[in-house]
Amino acid sequence: MSGFVAALRAELYVAQRSTSARLVVILPALLAMAQLLLVRIRSGGEQARDSLLGSGGLDFAADNAWGYYVDSLLSGLTLLALALAAYTAWSFASDRDSGVLRHLLIRRSSRRAVLLAKLLAAHLVALCALFGLMLAATALAAWLWEFGPVVEDGFELIGAEEIREEFRLGLVLALLPLPATIAFALLVAVATSSATQAVTAALGLSLAMDLFKGALGNAANWLHVSYQPSLIDQSYLSDVSRLVRGYSDVMLDPDMLQLNQWVPLPWLMVFIALALVLVPWRRL
C-alpha cells in the first residue's frame, strides 16, 4: 500500500519521543515491582510477628518466588492491556484531530497504510512494555525470593521444570488476546469523532466486556477478552498462579486451552478488516 513505510517511520519517530508511549512501557513494570515489594514487606512482617508470638506454622510456599512472580505479571498485564487500548485509540484519534493524518495523506500515504502503520507501531510499543515488565518482575522476584520447586514436609509437590512449562504456557496464552485488544481499540478510534470519545469508548467497552463476560455463560468462551488477564480474571495464567503454589484443586479443561489458542485470531482479523473498510469513509 502506498506510503506504508513512510507512515511507519513517522509513527516510530513519534513513539520514541512520546510521553504516552513511555508511560505505556514503564507503568506495568512499576506496578509489578510495587506489588512484589509490598508483598515482601507484608510477608516479612507476618513472619516476624509469628516468630515473636511463637504461633502459626510456616507456609511451605512462602519463600518460593513463583506465586508472587505470576501474581505480579497478572497485575502488570492487566494494566498493559488497558493502557494499550487507551494509547492506540488516542494515537489515531489525536492525530486526526490535530491534522497530522491529513498531512500524511496529502504527502504520500493512503488511509489504510496509515492505519496499518499505527497498528504495527502499537504492537512494537506492546513488545517494549512486555520486555520491561518481564525483566523488572523477574529480576526483583529473584532478588526477594528463590525460584524453585514447591516442597512440603520434604515431599516435592511440583518440580521446577514442570513449573516453568506451565508458566510458559500460561504466559503465551495470556498474550495471545493482546493483538485483538489493540486492533479493537484502533477500530473504536476510527469509528469515533474525537480523541476524548475514542479513549473513553475504548476503555469503557473493554471494561464492559470484562464485567459482563460472566453473565454470558458459555458464550463468553468465544470472546477474546475471556482469555487475557483482567480485573475479573479467567485467564489460564491465573490458574498457573495457584498451580505454582502447589494447589491440587485446579481443574484444567483441554477444550478451554484450545479455544484460548484459536479464538483471539479471528477477532483480530475481524477488527482489522472492519477498521480497513471503515477508514476510507471517515472524515480525516
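Above this text sits the structure in question.
Residues numbered from 1 in each chain as written. Predicted model: local features only at pLDDT ≥ 70, side-chain atom pairs only at ≥ 80, totals over all residues. Heavy atoms only, no water.

## A look at the packing of aromatic side chains
So, step 1. All told, the structure shown has 9 aromatic pairs when counted by the stated rule.
So, step 2. Considering the side-chain rings of Tyr 69 and Phe 167, the 5.3 Å spacing of their centres and the 40° angle between planes classify their relative orientation as tilted. Taken together, the residues Tyr 69 in helix H3 (residues 65–98) and Phe 167 in helix H6 (residues 160–175) connect sequence positions 98 residues apart. You'll find Tyr 69 and Phe 167 in the same group, each marked buried.
So, step 3. Judged by centre distance (6.5 Å) and plane angle (35°), the rings of Tyr 87 and Trp 90 are tilted. Of the two residues, Tyr 87 and Trp 90 both sit in helix H3, 3 residues apart, roughly one turn of that helix.
So, step 4. Feature note: the residues Trp 66, Tyr 69, Phe 147 and Phe 167 constitute an aromatic cluster, connected by ring pairs.
So, step 5. Stacked on the ring of Tyr 13, the Lys or Arg Arg 17 has its end atom at 3.8 Å from the ring centre. (Phe/Tyr/Trp six-rings, centres within 6.5 Å; stacked < 30°, edge-to-face > 60°. Helix = DSSP H or I, 4+ residues; strand = E, 2+ residues; numbered from the N terminus. Buried < 20%, exposed > 50% of the residue type's maximum accessible area, 1.4 Å probe, protein only. Lys NZ or Arg CZ within 6 Å of the ring centre and 35° of its normal.)

## Points about the environment of Leu 36
So, step 1. Inspection of the secondary structure assignment puts Leu 36 in helix H2 (residues 19–53).
So, step 2. What makes Leu 36 buried here is its relative accessible area of 0%.
So, step 3. C-alpha of Leu 36 to C-alpha of Leu 73: the two residues are 37 residues apart in sequence and 9.9 Å apart in space.
So, step 4. For Leu 36, the residues in contact, after removing those within four places along its chain, are Tyr 68, Tyr 69, Ser 72, Ala 137, Leu 140, Ala 141, Leu 144 and Trp 145. (Contact = heavy atoms within 4.5 Å.)

## A word on the pattern of salt bridges
So, step 1. With the rule as written, the count across this model stands at 7 salt bridges.
So, step 2. Linking Glu 161 and Arg 164 is a salt bridge whose minimum nitrogen-to-oxygen distance equals 4.0 Å. In this pair, Glu 161 and Arg 164 both sit in helix H6, 3 residues apart, roughly one turn of the helix.
So, step 3. Glu 161 sits in the partly exposed class, given a relative accessible area of 45%.
So, step 4. Connected via shared salt-bridge partners are Glu 11, Asp 95 and Lys 118. (Salt bridge = Lys/Arg side-chain N within 4 Å of Asp/Glu carboxyl O.)

## Overview of the packing of H3 against helix H8 (residues 195–212)
To characterise two packed helices, one gives the angle between the axes of the helices and the distance between these axes.
So, step 1. For the pair H3 and H8, the least separation of the axes is 8 Å and the interaxial angle reads 160°. On the basis of the axis angle, H3 is roughly antiparallel to H8. Once H3 is placed against H8, the crossing between them reads as right-handed. On the side of H3, the interface is formed by Leu 82, Ala 85, Ala 86, Ala 89, Trp 90, Ala 93, Ser 94 and Asp 97, while H8 contributes Ala 195, Ala 198, Val 199, Ala 202, Leu 203, Ser 206 and Leu 207.
So, step 2. Looking at the contact of H3 with H8, its residues break down into 12 nonpolar, 2 polar and 1 charged. (Axes fitted to C-alpha atoms, helices over the stretch in contact; angles between N-to-C directions. Parallel < 35°, antiparallel > 145°, perpendicular 65-115°, else oblique. Left-handed = near helix turned anticlockwise from the far one by under 90°. Nonpolar A, V, L, I, M, F, W, Y, C, P; charged D, E, K, R; others polar.)

## Considering the nonpolar core
So, step 1. Formed by 76 residues in total, the largest nonpolar core has its most connected members in Leu 36, Tyr 69, Leu 77, Leu 84, Phe 92, Leu 115 and Phe 167.
So, step 2. With 17 residues, H3 is the largest single contributor of residues to this core. (Core = buried A, V, L, I, M, F, W, Y, C linked by side-chain atoms within 4.5 Å.)

## Here's the deal with helix H10 (residues 254–262)
So, step 1. Here H10 has its buried residues at Leu 257, Leu 259 and Asn 260. The arc that holds the buried residues of H10, viewed along the axis, is 160°, so those residues lie on one side. For H10, exposure combined with an orientation more than 90 degrees from the buried face picks out Pro 254, Asp 255 and Trp 262.
So, step 2. Among the structural elements, H6, helix H9 (236–243) and helix H11 (264–278) are those in contact with the buried residues of H10. (Arc of directions from axis to C-beta.)

## A closer look at H9
So, step 1. The buried count for H9 comes to 6 of 8 residues, which makes it a mostly enclosed element.
So, step 2. Residues of H9 that are buried include every one of Tyr 236, Leu 237, Ser 238, Val 240, Ser 241 and Leu 243, and no others.

## A short note on the side chain of Ser 226
So, step 1. Position of Ser 226 relative to the elements: it lies in the loop between H8 and H9.
So, step 2. Reaching out from Ser 226, the side chain makes a polar contact with the backbone oxygen of Ala 220 at a distance of 2.5 Å. (Polar contact = N/O pair within 3.5 Å; in protein donor to acceptor, adjacent residues only side chain to side chain.)

## Some thoughts on the side chain of Ser 72
So, step 1. Within the secondary structure, Ser 72 is located in helix H3.
So, step 2. With sequence-adjacent residues up to four places away left out, Ser 72 is seen in contact with Ala 32, Gln 35, Leu 36 and Ala 137.

## Overview of a nonpolar patch on the surface
So, step 1. On the surface, Leu 23, Ile 26, Leu 27, Leu 30 and Met 33 cluster together to form a nonpolar patch covering roughly 410 Å² of accessible area.
So, step 2. If you trace the backbone, Leu 27 turns up in helix H2. (Patch = residues over 30% accessible without salt bridge, like charges linked within 9 Å, V, L, I, M, F, W, Y side chains within 5 Å. Areas by Shrake-Rupley, 256 points an atom, 1.4 Å probe, with all protein chains shown as cover.)

## Some remarks on the packing of helix H5 (residues 111–144) against H11
So, step 1. Between H5 and H11, whose axes approach to 9 Å, the crossing angle comes to 145°. In this structure, H5 meets H11 at a crossing whose hand is right-handed. Contact with H5, carried on its side by Arg 112, Leu 115, Leu 116 and Leu 119, involves Ile 272, Ala 275, Leu 276 and Val 277 of H11 and no other residues of that element.
So, step 2. Of the residues belonging to the contact of H5 with H11, the class tally is 7 nonpolar, no polar and 1 charged.

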